[in-house]
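# Chain and residue survey
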Amino acid sequence: MPRHLPAVTGEGEAVLRLARERHAEPDPATRPASEPYEPGEVRMAVALHGSAVLYRVDERIMTDWFRPAPEFVDGPGE
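Residues numbered from 1 in each chain as written. Predicted model: local features only at pLDDT ≥ 70, side-chain atom pairs only at ≥ 80, totals over all residues. Heavy atoms only, no water.

### Details of the side chain of Arg31
Here Arg31 is to be found in the loop between helix 1 (10–22) and helix 2 (39–49). Its relative accessible area of 7% is what places Arg31 among the buried residues. Polar contacts involving the side chain of Arg31 include one to the main-chain carbonyl oxygen of Glu25, which spans 3.2 Å. Of note is the side chain of Arg31, whose polar atom sits 2.7 Å from the backbone oxygen of Pro36. In this structure Arg31 touches Glu25, Pro26, Pro36, Tyr37, Glu41 and Arg56, once residues within four positions along its chain are discounted. (Helix = DSSP H or I, 4+ residues; strand = E, 2+ residues; numbered from the N terminus. Buried < 20%, exposed > 50% of the residue type's maximum accessible area, 1.4 Å probe, protein only. Polar contact = N/O pair within 3.5 Å; in protein donor to acceptor, adjacent residues only side chain to side chain. Contact = heavy atoms within 4.5 Å.)

This is the structure:
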């Protein structure tokens, strides 16, 4: 079944903008690379600023996420 996302509204966009402003510290675009994320901070950072945060936490997370699926053979010798 296709996923149905909720409609984007002006009020929702305003709430999201305010949340991003309020929680701007974990934004990977402005955060120094030498400053680590706290474990409880990662979830909020990903929710507000996207998966770029995961590259900053540990790039192996995204490497594993996009790893190609293994190829399986149907039987012996094939």
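### Structural notes on the confidence of the model for the protein chain
When the pLDDT values of the protein chain are averaged, the result is 84; 94% of them are 70 or greater. In the model of the protein chain, helix 4 (residues 59–65) stands out as the element of lowest mean pLDDT, 80, in contrast to helix 1, which has the highest, 92. (pLDDT = per-residue confidence, 0-100.)

### A look at the nonpolar core
If you look at the biggest cluster of nonpolar residues, it comprises six residues: Tyr37, Val42, Ala45, Val53, Leu54 and Met62. For this core, the elements supplying multiple residues, two or more each, are helix 2 and helix 3 (52–57). Setting aside chain neighbours within four positions, we find Val53 in contact with Pro26, Pro28, Tyr37, Ala45 and Val46. (Core = buried A, V, L, I, M, F, W, Y, C linked by side-chain atoms within 4.5 Å.)

### Side note on the side chain of His49
Within the secondary structure, His49 sits in helix 2. A distance of 3.1 Å separates a polar side-chain atom of His49 from the backbone oxygen of His23. If near-sequence neighbours (up to four positions away) are discounted, His49 is found in contact with Arg20, His23, Ala24, Pro26, Asp27 and Pro28.

### Remarks on the pattern of salt bridges
By the definition in use, this model includes four salt bridges. Of the charged contacts, one joins Glu21 and Arg17 as a salt bridge, the two residues approaching to 3.9 Å between their closest N and O atoms. With a gap of four residues between them, Glu21 and Arg17 both fall in helix 1, about one helical turn apart. Among the salt bridges present, the one from Arg31 reaches Glu35, with a minimum N-O distance of 3.5 Å. One network of salt bridges, with partners in common, ties together Arg31, Glu35 and Glu41. (Salt bridge = Lys/Arg side-chain N within 4 Å of Asp/Glu carboxyl O.)

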